[in-house]
Structures are given as structure tokens and as C-alpha cells.
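What the coordinates show
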Amino acid sequence: MTTGTDTDLHADVVVLGAGPGGYAAAFRAADLGLDVLLVDPESNPGGVCLYRGCIPSKALLHVARVMREARDASDWGVDFGAPRIDLERLRGWKDEVVDRLTGGLGTLCKAKGVRFMRGRGVFLDSETLRVEDGHGPGHTLRFDHAIVATGSRPMMLPEAPESPRIMTSTGALALEDIPDSLLIAGGGYIGLELGSVYAALGTRVSVVEMTPHLLSGVDTDLTRVVVRELSPRFESIRTGTRVVRIEADNDCVTVELRAGQGESEQASTERYSRLLVAVGRRPNTSGLGLSNTAVLLDERGFIQVDGSRRTADPRIFAIGDVAGQPMLAHKATHEGTTAAEAISGRPVAFAPAAIPAVVFTDPEIAWCGLTEAEARAAGQAVRACRFPWQASGRAGTIGASAGLTKLIIDEESGRVLGAGIVGFGAGDLISEVNLAIEMGAVAEDLAETIHPHPTLSETVMEAADVFRGLSVHLHRKR
């Protein structure tokens, strides 16, 4: 914890927000020899990702996966019986994971010489910041450069009243209880991931999504597999359905739903133990005093930045969720290192050829680069090369034959433009293709790279072989 009077606080770089983008920026700047002050409301670095997002959700999703595997094992001749859930211990284990990781980051802060101040920063002008800690007037400090990495927060439906029975992802991850029934408003990755957790714990889960498809914008070849796998585990999944009214009392949440349009519109009133609102996130750019600087926001509240992540105010940079889509932790991390290097005087720019994304449902979905729909909409001549996991020996041995690996390849050059994978461990498999895109690799590069057998990574090789018409385990008429 940094201490001092208002006259002696100064930093070469002050970073607002200690999530994966903020602490990465702070650590890189310190490694480059700059004096760094990291500001965050929590007691240790980590941000939403570690405290209320990526890490606790993946811990719970792992539990859900283990429970499903235990049930499926009966088909393989091993019966574990019905699981007994100790909710208090489960919460404790999740919190232990979070505490260990955030505590480690706190130790790393000290090791790197990064000063850490707990509180919220507000810009007074383009070179002065006040850090409010909730105890007195706070501290005023001067800086040469600042990096805004304050992240995002869950959006709430305007129809929703305040009630402990209505949750965002933050409340859902607190795991206060296991409700009998849960309605999830929003069929994006947050809704489906948390729905998977609660369904595994025994809750009757229903999902409504106002657009025609779950995971809007994701390749339908991939989402089709996930919907097929999740449908038996959820009580219902309804697309083209919106929430128009919400009431809550001590016992339940009552919602009015409407499906369809015009004369075909149908309305229903339903009751659930809890409601989870998972309709997206908005950037944390309000209340930062940005109007006291030259920083510009777009119409959605995102901070406008250039390739080095510099804002319209030359002293101030912005990274992560506040700097625009995609709102992904790994994107924020790379932006953070870019901003730190730019401040140190290096000629850098954030210009990835592809940014991978993962939905940690069971099965997982991962993709990078162009989707088939995007490529065709752009008028590019591409081939979508699919390798179904039914033909994968490894997938068969782990009960994952429903998966699919799909490559988007330029028809003329053979260059790999994009990929989508659905199945066990898809998030780990996608990095190989992401590297191929960054390196400008062609399908033959993937196909001629010897992959170990039997592994799921072979499906990437075989999908590349589909492009050449040479897949060993998949027959295609010539």
C-alpha cells in the first residue's frame, strides 16, 4: 500500500484497474524501468476476471464436468452413484482458487517494484488523479502517463426490479444456494456457462434468448453441437423469446415472456426460484472524470484509441473492455503490454491477425480468425473443411465423438483464414490454428506437421488434409 502526502505522490505510469490488462501493463512497464503505481478497489490485483469472472466460473465448470463424467461412466461400466453436494465446501474451494491466484499477483507486484494503492481513481485533469479509498479525501497524485483498464460490468434488464432473487453473473458465481428453478435471460456465453453449472448441481434451468440463435455471431456448425448436447440437461431453451415484464417477491420471480412477432406472437407468464440476467456487459467509463481530459468516447461508451492504445489525450492510454470489443481477458493482456511499451518509447501497435475466443460450455466452443459466414459475406473464395470427431480415435476413447473441427481456407492460396472447434478441450486446441493464422500458414503446413496419436490435435491436421482431399480417416468422393 502506497502512503504519502498529496505533495509527494508521483508516478511515471499510473494504471487504473488491476485486471489481466491492468496488471500486465503495470508489470511490463516496471520491467522496462518505469516507476509504476497500480490502483484498484480490491486488496490484490486480479480484476473481475479473477475475482468474479473467468477463474471462479471455470472452477465451477470443472466441477460440473466432473459430475457429468461420473454420470456418463455408468455407460462404461463404472457406477459412482448419485453425488452428494457440500455447497459450503464447494464455495470454499472456488474461493481458495481465487485467493491463491490473487495473492500470488500481490506478491508479484512487490517483486517487480510496482506500488499498489487500493481505491478508485478519478481524473482531475490530464496529469493529475485523485484516488478515493472511502476513508477521507483520498490521495492526489501526478503522473506522466496513465493507462485506463477499469474493465466492464454486467448489464441489467430495465424491466428488472431490485431483488435478491434476480442475479447478474456476479451473484450467480457467489453460489448462495442451489435454486429449484432458474431462468436465464440471455443465450450468450455467460448464460450458457453458468446455466451448465447450475444444471449440473440439480437446478431446473431454462434459457430464453431474444435473437434467433444461441451464441449469436458464432458459427452455427459449432453452436448446433452445443445446443444438441445442452438440451437434455436444460429444462428448456427458447430462442426468439424476450422478457417483457418481471416481478419478484420473497418466494419467486414471475416473468412475462413473448415469442414471435406480430400476429404470431405468443405470451406466457412463468415463475422461477431465481432469474439470472446475462444480456451482456458495458464498459466502466463513467465516474472516472474523463470529461476533465481530452479522452473521447464512442456512442456505446467505449474509449477511442489508436493502434498503440493511446487515447485522444496523448498522456492517457486505454486497454481491455473499456477500449472496445472483443471483451476478452487475453486481448486486454496483450493490449496492456502494447501500451506499456508505447509509453516507454518503443514503436509498437496492437494489430493481431486473429484473437481467439472460447465458450467453456460442455462441450467447449473455440474459434479464431474469419468465420465461414464472414468470409463469404466479404466475397472471399474459401473452402470450409470439416473433420467430425466421430472419425477421431481419441475422441471415441473419452466419449467426445460429438465434436467437430472446421478450418476456413482460402481456395486459391490455401492460406488458413479461420477456424472453429467444438468439443472437449477446444479452448486448448484453438491456439495451434491461431498461430497458423498469425504466421500466414497454409493448409499444407498444418497437414504436414506430424501430430501425436491418439490426440484431439490430430483433428486439426486432418481438417487441413480435407482441403487436399487426403484425410486418412475421412472418405470424400473425388
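Conventions used here
- Residues numbered from 1 in each chain as written.
- Predicted model: local features only at pLDDT ≥ 70, side-chain atom pairs only at ≥ 80, totals over all residues.
- Heavy atoms only, no water.
- Helix = DSSP H or I, 4+ residues; strand = E, 2+ residues; numbered from the N terminus.
- Rg over C-alpha atoms; globule rule 2.2 N^0.38 Å.
- Buried < 20%, exposed > 50% of the residue type's maximum accessible area, 1.4 Å probe, protein only.
- Areas by Shrake-Rupley, 256 points an atom, 1.4 Å probe, with all protein chains shown as cover.
- Disulfide = S-S within 2.5 Å.
- Polar contact = N/O pair within 3.5 Å; in protein donor to acceptor, adjacent residues only side chain to side chain.
- Pairing = 2+ DSSP bridges.
- Axes fitted to C-alpha atoms, helices over the stretch in contact; angles between N-to-C directions.
- Expected span 1.5 Å × (residues − 1).
- Contact = heavy atoms within 4.5 Å.
- pLDDT = per-residue confidence, 0-100.
- Right-handed = clockwise from strand over helix to strand, strands pointing away.

Secondary structure assignment for the protein yields 13 helices and 22 strands. Whereas a compact globule of 478 residues would reach a radius of gyration of roughly 23 Å, the protein reaches 24 Å, a difference of no more than 12%. Across the 478 residues that make up the protein, the buried fraction comes to 51%. By element, 51% of the accessible surface of the protein is carried by carbon and sulfur atoms, the whole surface being about 22100 Å².

Disulfide: a covalent bond formed between the sulfur atoms of two cysteine residues. Going through the model one piece at a time under the given rule, you end up with one disulfide. The structure places no disulfide on C109, whose sulfur is separated from the nearest cysteine sulfur, that of C49, by 16 Å. Residue C109 is classed as buried on the basis of its relative accessible area, which comes to 3%. Free of any disulfide, C385 has its nearest neighbouring cysteine sulfur in C368, separated by 14 Å. On the basis of relative accessible area, C385 is assigned to the buried category, the value being 1%.

This part takes up helix α7 (residues 220-230). For α7, the complete set of buried residues consists of D221, L222, T223, V225, V226 and L230. A side-chain oxygen of the first residue of α7 lies 2.8 Å from the backbone nitrogen of D221; this N-cap is D219.

Spatially, the three strands line up as an open sheet ordered β12-β13-β14, and their pairing is antiparallel. Looking at the sheet topology across the chains shown, the edges are occupied by β12 (241-248) and β14 (266-272). Here the strands of the sheet are splayed against their neighbours by 20° on average, with no regard to which way each runs.

All right, on to helix α11 (residues 426-439) then. Its 14 residues give α11 an end-to-end C-alpha distance of 21 Å, which sits within 8% of 20 Å, the value for a rise of 1.5 Å per residue. Within α11, burial applies to A426, G427, L429, I430, V433, N434, A436 and I437. Contact partners of the buried residues in α11: β18 (357-359), β19 (364-369), β21 (404-410), β22 (416-423), α12 (443-448) and α13 (458-468). Looking one or two places after α11, you find G440, whose phi comes out positive at around 70°.

Chain-level statistics for the protein give a pLDDT mean of 94 and a share of 98% at 70 or above. Overall, residues 1-5 carries pLDDT values under 50, and its contacts beyond four positions in sequence, including any with other chains, amount to 10 contacts.

This part takes up the pairing of β14. Inspection of the sheet shows strand β13 (residues 253-259) paired to β14 by seven bridges, in the antiparallel sense. Bridging from a neighbouring strand, V253 pairs with Y272 of β14. Between β13 and β14, which pair antiparallel and follow one another directly, the connecting turn spans six residues, one of which, G260, has a positive phi of 85°.

Moving on, we get to unusual backbone geometry. A cis amide bond, omega -5°, links Q325 with the succeeding residue P326. Counting through the fold element by element, P326 comes out in the loop between β17 (316-318) and α8 (329-343). A cis geometry characterises the amide bond from D362 onward to P363, with omega recorded as 10°. You can see P363 is positioned in the loop between β18 and β19. The residue L215 is not glycine, and still its phi comes out positive at about 50°. Tracing the chain through its elements places L215 in the loop between β10 (204-209) and α7. The exposure class of L215 is buried, given its relative accessible area of 5%. In this model, R309 sits at a positive phi of 75°, which is unusual for a non-glycine residue. Counting through the fold element by element, R309 comes out in the loop between β16 (281-283) and β17. Given a relative accessible area of 11%, R309 falls into the buried group.

Put simply, side chains in a regular strand alternate between the two faces of the sheet. Of all the five residues making up strand β9 (residues 181-185), five are buried; the element is thus mostly covered by neighbouring parts of the structure. Burial along β9 is two-sided: the face carrying S181, L183 and A185 and the face carrying L182 and I184 are both buried. Each parallel crossover has a hand, and for β9 linked through helix α6 (residues 189-201) to β10 it is right-handed. In the sheet, β9 pairs with strand β15 (residues 274-277) via four bridges, with the strands oriented parallel. Its bridge partner lying in β15, I184 is registered against L276.

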